[in-house]
Amino acid sequence: MSAHLLALKLDEAQRLNPAFAALIGPTPKPDLSLADWLASLDGGDLDRLKFSRIELEAHLLALIAEAEGFRTPVTRLRELRILGGRDKTGGAENLDLVLRPGAIVSVVGPTGSGKSRFLGDIECLAQGDTPSGRRILIDGEIPDPARRWAASGKLVAQLSQNMNFVVDLTVGDFIEMHAECRAVDAPEQVAAEVIACANRLAGEKFSANISLTQLSGGQSRALMIADVALLSSSPIVLIDEIENAGINRRQALDLLVASDKIVLMSTHDPILALHAQKRIVIAAGAVAQVIETSATERAHLAALEHYDRLMSDLRETLRHGARLETLPPQFSPFG
Amino acid sequence: MRVITVAGPPSVGKTALILKTAKTLGDDGQKLAVVKFDCLSTDDDLLYRRAGIAVAAGLAGSVCPDHYFVSNIDDCLQWAESLGADLLIAESAGLCNRCSPHVQGALAVCVVDNLSGVHTPKKIGPMLKMADVVAITKGDIVSQAEREVFAHNVWRANPQARIVAFNGLTGQGAGELAFAMRGAPDLETLEGRRLRFPMPSAICSYCIGETCIGENHQRGNVRKMRFPEVLA
Ligand SMILES: Nc1nc2c(ncn2[C@@H]2O[C@H](COP(=O)(O)OP(=O)(O)OP(=O)(O)O)[C@@H](O)[C@H]2O)c(=O)[nH]1
Ligand SMILES: [Mg+2]
Ligand SMILES: [Zn+2]
Ligand SMILES: [Zn+2]
């Protein structure tokens with residue numbers, strides 16, 4: 001394989017992977033073969049490139065060989081199967097749960113009961129080697145040990161309360177950069193879509209020119225969700241206790257489902273929990289129950305969302321400096 | 001003996017990563033010895049000792065800790081051998097992004113954190129580019145999008161490395177790292193083995209104690225800056 005790659009002309013190799021071009025810099029002779037170019041380098045060139053000749057060759061060959069690999073856009077997944085392990089006292093956990101793309105599952109349970117462990121087991125594709133003893137099958141199979149780790153990073157995207165944007169770039173530039181990493185055809189256009197979508201989810205609008213670190217909590221979360229839905233290659237999304245003030249939750253979940261993700265979220269928010277098709281109840285380190293959301297439960301959503309809107313109206317009133325002397329009649333404890 | 005070099009900028013989470021991975025390796029019955037290389041001071045030896053791990057600390061003082069590392073690493077291996085350890089991990093704070101402690105034949109791990117900004121991977125030299133495994137820490141506090149961009153930039157800087165997302169607080173990623181460490185080559189000695197990348201050769205008057213500024217005081221391997229032309 002390496003012989004035919006070494007025969008590639010420099011400009012061909014540069015086209016295959018922009019990282020190749022970035023690494024070797026401007027080349028006076030773009031139609032030189034890679035092999036001839038490597039042979040022409042002297043000590044000063046290698047010093048500038050910070051590589052020995054052998055390492056440079058291996059490095060460039062890997063860049064070319066993998067250029068195709070990373071262009072494969074989305075990691076496909078047919079089903080995720082979770083097999084029970086044991087609870088905190090060592091008793092067997094009775095669980096065999098199969099989830100397919102488009103599934104939304106909420107995970108509930110008291111603090112310390114093991115919700116994060118449950119999400120963590122999915123994150124690392126546990127094979128009986130975590131404290132819970134659970135096993136995770138991908139498309140019905142045990143991921144082979146050497147590939148398990150490579151797969152876990154690609155399969156699972158995570159969102160949590162502690163996460164912030166830290167990079168000092170504008171929203172537009174950064175999302176475009178993310179789109180470029182995914183090798184999408186029109187990064188600029190995709191970035192604009194992500195930002196428009198985040199604006200539909202966020203209560204307060206923001207533009208592409210604002211710096212990421214200036215976003216409010218709600219705007220950040222809206223952007224993270226829109227980005228995961230439209231740009232992340234991972235088919236599984238884990239959401240850990242994400243605070244949901246300032247975003248439209250129903251739209252956020254609809255968006256993730258529309259992009260064919262499997263969503264698992266630990267939450268105590270009744271609106272999110274009832275939007276999920278299933279609810280996993282965790283107690284003492286094990287799944288105690290898997291509850292299907294009933295039609296009656298789902299019928300309550302309209303009422304819950306109504307109250308939720310009233311609460312956010314009150315927030316909005318406070319934000320504008322007004323007083324809350326009278327509450328809407330629905331808030332009367334006697335009414 | 002399996003020898004593993006763990007290098008990375010200060011405070012990225014090298015010790016946290018080694019401690020969590022040591023726990024996983026220990027559960028498998030592997031005995032570990034750790035050497036910490038630093039410049040002026042380190043408290044890491046206390047952390048390792050508290051976790052019941054055999055540790056030695058080497059303070060480089062006025063020389064680069066990576067230079068100090070090469071001069072001492074074979075002795076470290078003999079020390080670990082005498083303790084009956086299965087693995088020797090050398091933690092070194094890569095202070096000048098130019099040096100790298102990675103040795104051919106020993107598993108080379110580079111640790112970087114998500115907080116350092118998406119452009120960092122390309123600024124770190126051979127310490128990252130020559131590593132077999134690049135562990136990326138502190139993903140728990142940045143967005144999924146930044147994690148993906150950061151990992152992609154690490155991949156661009158070193159497409160041959162295995163990239164591991166590691167959480168130094170929870171130990172997420174320890175299973176994968178322990179898997180890589182168990183698979184590291186078994187070595188009897190490091191004598192005669194080579195560094196993966198030569199350390200800078202500059203020896204100038206400042207390397208040996210000169211402190212005065214000025215042309216007259218600059219001897220040996222001195223490199224001068226070039227400035228853009230001033231337009232009239
Ligand atoms: N949030 C978060 N904090 C982390 C993570 N990994 C390490 N830390 C914290 O970062 C700080 C530095 O970690 P260390 O393990 O001491 O870093 P180090 O690279 O060994 O530092 P030096 O040896 O002094 O260069 C500690 O407070 C850790 O708890 C992580 O994944 N997430
Ligand atoms: Mg340390
Ligand atoms: Zn140095
Ligand atoms: Zn000097």
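Please read all numbers here as calculations on a predicted model, not as lab measurements.

**Topic: the overall build of chain B**
In terms of helices and strands, chain B carries seven helices and seven strands. In sequence order, chain B lays out its α and β elements as β-α-β-α-β-α-β-β-α-α-β-α-β-α. Expected size for 232 residues packed as a compact globule is a radius of gyration near 17 Å; at 19 Å, chain B falls within 12% of this value. Projecting the C-alpha coordinates of chain B onto the three principal axes gives extents of approximately 70 × 45 × 30 Å. With 232 residues in all, chain B has 51% of them scored as buried. Intrachain contacts of chain B at a sequence separation of at least 6 include 73% that bridge at least 24 residues.

**A closer look at empty space enclosed by the protein**
Residues and elements named next belong to chain A. With the rule as written, the count across this model stands at one cavity of 30 Å³ or more. By volume, the largest cavity amounts to about 90 Å³. Element by element, the count of residues in the lining of the largest cavity is highest for helix H12 (residues 249–258), at four residues. The class makeup of the residues in the lining of the largest cavity is nine nonpolar, one polar and one charged.

**A word on the coordination of the magnesium ion (ligand 2)**
Residues and elements named next belong to chain B. Of the protein atoms, only Thr15 (OG1), Asp44 (OD) and Glu91 (OE) coordinate the magnesium ion (ligand 2), at distances of 2.0 to 2.1 Å. Spacing between the donor residues of the magnesium ion (ligand 2) along their common chain follows T-x28-D-x46-E. On the criterion of sequence distance, the pair formed by Thr15 in helix H1 (residues 14–27) and Glu91 in strand E4 (residues 87–93) is long-range, its members being 76 residues apart. Assessed through its relative accessible area of 9%, Thr15 is described here as buried. Of the residues examined, Glu91 reaches a relative accessible area of 2% and is grouped as buried.

**Brief notes about the site of ligand 1**
Residues and elements named next belong to chain B. For ligand 1, the set of nearby residues contains 17 residues, the closest of which are Lys14, Thr15, Ala16, Lys36 and Gly168. Val12 places a main-chain nitrogen or oxygen 3.2 Å from an oxygen atom of ligand 1. Here ligand 1 loses 73% of its free accessible area of 650 Å² to cover by the protein chains. The element contributing the most residues to the shell around ligand 1 is H1, with three residues. Among the residues making up the shell around ligand 1, the classes are represented as six nonpolar, five polar and six charged.

**What about the pattern of salt bridges?**
Residue and element names in this part refer to chain A. By the definition in use, this model includes 21 salt bridges over all chains. Measuring nitrogen to oxygen at the nearest pair gives 2.6 Å for the salt bridge that ties Glu316 to Arg319. With Glu316 and Arg319 both in helix H15 (residues 301–319) and three residues apart, this pair spans about one turn of that helix. We classify Glu316 as partly exposed; its relative accessible area is 34%. The closest approach of N and O atoms between Arg323 and Glu325, which form a salt bridge, is 2.9 Å. Like Glu325, Arg323 is exposed. Each of the salt bridges in this network shares a partner with another, and the network as a whole consists of Glu93, Arg117, Asp121 and Arg134.

**Here's the deal with a nonpolar patch on the surface**
A cluster of nonpolar residues, Val166 of chain A together with Leu115 and Ile141 of chain B, forms a patch on the protein surface that exposes about 200 Å² of accessible area. Mapping Ile141 of chain B onto the fold places it in the loop between strand E6 (133–137) and helix H6 (144–157).

**Some details on the sheet that holds strand E6 (residues 236–240) of chain A**
Residue and element names in this part refer to chain A. Pairing within the open sheet is mixed, and its six strands lie in the order E5-E6-E7-E3-E8-E9. Only two strands of the sheet have a single neighbouring strand rather than two, namely strand E5 (156–160) and strand E9 (286–292). On average, each strand axis in the sheet is inclined to that of its neighbour by 20°, with strand direction left out of account. Sheet analysis places strand E3 (residues 104–108) next to strand E7 (residues 262–266), joined by four bridges and oriented parallel. Counted as the bridge partner of Val107 is Ser266 from E7.

**Examining a negative patch on the surface**
Residue and element names in this part refer to chain B. A cluster of like negative charges, contributed by Glu81, Asp86, Asp186 and Glu188, occupies part of the molecular surface. Locating Glu188 in the fold gives a position in the segment after helix H7 (174–182). Taking the relative accessible area as the measure of exposure, Glu188 reaches 72% and is therefore exposed.

**Observations concerning the domain arrangement of chain A**
Here the domain parsing of chain A yields domain 1 (2–71), domain 2 (100–113 + 145–293) and domain 3 (305–331). Each of domain 1 of chain A and domain 2 of chain A has a C-alpha centre, and these two points are 38 Å apart.

**A few points about the pairing of E3 of chain A**
All names here are of chain A. Within E3, five of the five residues are buried, which leaves the element mostly enclosed by the surrounding structure. Going residue by residue along E3, you find Ile104, Ser106 and Val108 tucked away on one face and Val105 and Val107 tucked away on the opposite face as well. By the bridge criterion, four bridges tie E3 to strand E8 (residues 278–283) in an arrangement that is parallel. Looking across to E8, one finds that Ser106 is bridged to Arg279.

**Topic: the interface of chain A and chain B**
Counting residues at the interface gives 42 residues for chain A and 34 residues for chain B. In total, about 3,100 Å² of surface goes out of reach between chain A and chain B, with carbon and sulfur atoms giving 62% of it. Taken together, chain A and chain B are joined by zero salt bridges. On inspection of chain A and its partner chain B, the count reaches eight residue pairs in polar contact (both at pLDDT 80 or more). Of all the secondary-structure elements, those providing two or more residues to the side of chain A that touches chain B are helix H3 (18–24), helix H5 (43–49), helix H6 (53–71), helix H8 (145–155), E5, helix H9 (171–181) and helix H11 (217–231) of chain A. Among the elements that line the side of chain A that touches chain B, the one with the most residues is H6 of chain A, at seven residues.

About the criteria used
- Numbering of residues starts from 1 in every chain and runs along the sequence as written.
- Think of it this way: whatever chain is written first is A, whatever ligand is written first is 1, and the rest follow in order.
- The model is predicted, so local features are restricted to residues of pLDDT at least 70 and side-chain atom pairs to those at 80 or more, both for listing and for counting; the totals for chains, interfaces and linings are taken over all residues.
- Note: side-chain values were computed over all heavy atoms of the structure, leaving out hydrogens and water.
- Strands are runs of DSSP state E lasting at least two residues, helices are runs of H or I lasting at least four, and both sets are numbered from the N terminus onward.
- It is over C-alpha atoms that the radius of gyration is taken, and the globule rule equals 2.2 Å times the number of residues to the power 0.38.
- Burial classes: relative accessible area under 20% of the type maximum marks a residue as buried, over 50% as exposed, and values in between as partly exposed (1.4 Å probe, protein chains only).
- Here, residues are in contact when the closest pair of their heavy atoms is within 4.5 Å.
- In this analysis the probe radius is 1.4 Å and the grid spacing 1 Å, with only protein atoms considered; a cavity is a set of points the probe fits into but cannot get out of, a pocket is an open set with protein on both sides within 12 Å along at least five of seven lines, and lining residues have an atom within 4 Å of a point.
- Grid points are joined across faces, edges and corners, and a volume is the space filled by probe spheres set on the points.
- Asp, Glu, Lys and Arg are counted as charged, while Ala, Val, Leu, Ile, Met, Phe, Trp, Tyr, Cys and Pro are counted as nonpolar; the rest, among them Gly, fall into the polar class.
- Each metal's donors comprise the N, O and S atoms found within 2.8 Å of it (within 3.2 Å for Na, K or Ca). Water is not part of the atom list, so some coordination spheres may appear incomplete.
- Note on definitions. A residue lies near a molecule or strand when any single heavy atom of the residue is within 4 Å of it.
- Pairs of N or O atoms are called polar contacts if they sit within 3.5 Å, as long as, within protein, a hydrogen donor faces a hydrogen acceptor (for residues adjacent in sequence, only side-chain-to-side-chain pairs).
- For every accessible area listed, the method is Shrake-Rupley and the probe measures 1.4 Å; residues are considered covered only by the protein chains on display.
- Salt bridges, as used here, are contacts in which a Lys or Arg side-chain nitrogen is within 4 Å of a carboxyl oxygen on Asp or Glu.
- Each patch groups residues whose relative accessible area exceeds 30% and which form no salt bridge, using 9 Å between like charges and 5 Å between nonpolar side chains of Val, Leu, Ile, Met, Phe, Trp and Tyr.
- Two strands make a pair as long as DSSP finds a minimum of two bridges between them.
- For every element, the axis is a line fit to its C-alpha atoms; helices are fit only across the contacting stretch, and the angle between N-to-C directions ranges from 0 to 180 degrees.
- Counting rule applied: Lys, Arg positive; Asp, Glu negative; His and chain ends not counted.
- For this purpose, a charge sits on NZ of Lys, CZ of Arg, CG of Asp or CD of Glu.
- Note that the domain bounds were set by an automatic or database domain assignment.
- By buried area we mean how much accessible surface two parts lose on assembly, using a 1.4 Å probe and totalling the loss over both.

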